[in-house]
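Next come the chains, spelled out residue by residue.
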Amino acid sequence: MARGQFKMLRCAIAGIEAVEAETCHTFPRHTHEQFGIGVIHSGAQKSLSGRGMVEAGPGDAITVNPGEVHDGAPIGDAGRSWRMLYFDPPLIVEAARDISQGRTGTFEFTRPVIGDTRIATRFGALFSAMTAGGQAADGTEATPAGAQASVAREEMTLMLLAEVMRDGNGFAPDRSIPAPISAARSLIDEDPAAATTLADLARESGLSRFQVLRGFVKATGLTAHAYILQRRIAAARRLIAQGKPLAQAALESGFADQSHMTRMFVRTYGISPGAYADAVG
């Protein structure tokens, strides 16, 4: 893969997205709606996470939770390369319930960087199986042919997640958002495309505009404006995955036009809306 390239690959299982990247790109603060787990292959990066600033290098697994504010910047001038799998939350809920033998369906990655070769190896095999089969990192067949392929992928997914859960990830302490800020956030979540103002959020929360501004940053890690943009880009991503034309997705998710949506999409995810549409279509 050429340096400076992002590539989204088709996945064999619905609800999972695969990304390869080799880049010097610096990501601004943003969120995903999915759980993410990946491995750094070369170079290194530093990033904000739900546990503060962290650094990851070759062979390290990296994780992110739905709604977790994070960013990412290369360490040094050489950039870094990585692979990621993003899982829709219901898949992780089901896996957590299976692995815990029905005791719970809740789960959170509590370690944003994991230095464990077993996890990196299992991830490499799963990534290969999800993105067209072929061979795992050790040269063995990643996915059996025919009817066994689906079962094999499910097994590999569960084995990877079980390994990650055993490695100190699991059930994080409650970090609930204060009720007034939660009310303001819900107003945005209900209709991200609406022209919501700080005055609207203040009325909804019963706070002053400044209290909303300060409280929102403290509780979510984003300003209210940045949060609105994140919700809009997430809405656009869902609409594109449903097959909506790009211009329509931009309009329905609240962007001024398709070019504005495209700029935000590339800035946040590293790929264009068109490339995303091709990968999930």
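Anything mentioned here points back to the structure above.
Since this is a predicted model, take the numbers as computed values, not measurements. (Residues numbered from 1 in each chain as written. Predicted model: local features only at pLDDT ≥ 70, side-chain atom pairs only at ≥ 80, totals over all residues. Heavy atoms only, no water.)

## Details of the overall build of the protein chain
For the protein chain, the helix and strand inventory stands at 10 helices and 10 strands. Long-range pairs, those at least 24 residues apart, make up 68% of the contacts in the protein chain between residues at least 6 apart in sequence. (Helix = DSSP H or I, 4+ residues; strand = E, 2+ residues; numbered from the N terminus. Contact = heavy atoms within 4.5 Å.)

## Describing empty space enclosed by the protein
Evaluated as defined, the whole model comprises 1 cavity of 30 Å³ or more. The space that makes up the largest cavity amounts to roughly 390 Å³. Looking at the largest cavity, it is lined by 27 residues, and the ones nearest its centre are His32, His70, Trp82, Met84 and Tyr86. Among the secondary structure elements, those contributing two or more residues to the lining of the largest cavity are strand S3 (27-30), strand S5 (45-49), strand S7 (61-64), strand S8 (70-74), strand S9 (80-87) and helix H9 (258-269). (1 Å grid on protein atoms, 1.4 Å probe; cavity = no way out; pocket = protein on both sides within 12 Å on 5 of 7 lines; lining within 4 Å. Points joined across faces, edges and corners; volume = space filled by probe spheres on them.)

## Let's talk about the pairing of strand S1 (residues 5-9)
Relative to strand S2 (residues 16-23), S1 is paired through 5 bridges, and the arrangement is antiparallel. When the bridges of S2 are listed, Met8 appears paired with Val19. Counting the residues in the hairpin turn of S1 and S2 gives 6 residues, including Gly15, whose phi is positive at 90 degrees. (Pairing = 2+ DSSP bridges.)

## Side note on the sheet that holds S2
Across the sheet, 6 strands lie side by side as S1-S2-S9-S4-S7-S10; this open sheet has antiparallel pairing. Each having just a single partner strand, S1 and strand S10 (113-114) make up the two edges of the open sheet. Examined bridge by bridge, S7 and S10 share 2 bridges and lie antiparallel to one another. When the sheet's bridge partners are listed, Ile62 is paired in S10 with Val113.

## Points about the sheet that holds S8
Sheet architecture is open: 4 strands sit in the order S3-S8-S5-S6, paired in antiparallel fashion. Sheet topology places S3 and strand S6 (52-56) at the edges, where each strand pairs with a single neighbour. Across the sheet, the axes of successive neighbouring strands diverge by a mean angle of 20 degrees, strand direction being ignored. In this structure, S3 lies alongside S8, joined through 2 bridges in antiparallel fashion. When the sheet's bridge partners are listed, Phe27 is paired in S8 with Gly72. (Axes fitted to C-alpha atoms, helices over the stretch in contact; angles between N-to-C directions.)

## Overview of the layout of surface pockets
Empty space within the second largest pocket amounts to approximately 340 Å³. Forming the walls of the second largest pocket are 20 residues, and the residues nearest its centre are Glu17, Gln34, Asp88, Ala241 and Tyr276. Listed by contribution, the elements that provide at least two residues to the lining of the second largest pocket are S1, S2, helix H7 (224-241) and helix H10 (273-280). A per-element tally of the lining of the second largest pocket places H7 first, with 4 residues. Split into classes, the residues belonging to the lining of the second largest pocket amount to 11 nonpolar, 3 polar and 6 charged. (Nonpolar A, V, L, I, M, F, W, Y, C, P; charged D, E, K, R; others polar.)

## Thoughts on the pattern of salt bridges
Evaluation of the coordinates by the stated rule reveals 11 salt bridges. In this structure, Glu33 engages Arg231 in a salt bridge whose closest nitrogen and oxygen atoms are separated by 3.4 Å. Taken as a pair, Glu33 in the loop between S3 and strand S4 (35-43) and Arg231 in helix H7 lie far apart in primary sequence, 198 residues in all. Here Arg203 ties to Asp200 by a salt bridge, and the two come within 2.3 Å at their closest N and O atoms. Residue Arg203 and its partner Asp200 are both found in helix H5 (residues 198-205); the two are separated by 3 residues, about one turn of the helix. Arg203 sits in the exposed class, given a relative accessible area of 61%. On the accessibility criterion, Asp200 (22% relative accessible area) is partly exposed. Salt bridges linked by common partners bring Glu33, Asp189, Arg231 and Arg238 together as one network. (Salt bridge = Lys/Arg side-chain N within 4 Å of Asp/Glu carboxyl O. Buried < 20%, exposed > 50% of the residue type's maximum accessible area, 1.4 Å probe, protein only.)

## Examining H7
With 18 residues, H7 should cover 26 Å at 1.5 Å per step; its first-to-last C-alpha distance of 26 Å lies within 8% of that length. Counting buried positions over the 18 residues of H7 gives 14, a clear majority of the element. Once H7 finishes, Gly243 follows within two positions and takes phi at roughly 95 degrees, a positive value. (Expected span 1.5 Å × (residues − 1).)

## Description of H5
Among the residues making up H5, those that are buried are Leu201, Ala202 and Ser205. Angularly, the buried residues of H5 cover 100 degrees about the axis, an arc narrow enough to put them on a single face. If you follow the buried residues of H5, they end up packed against helix H4 (179-190), helix H6 (209-220) and H7. (Arc of directions from axis to C-beta.)

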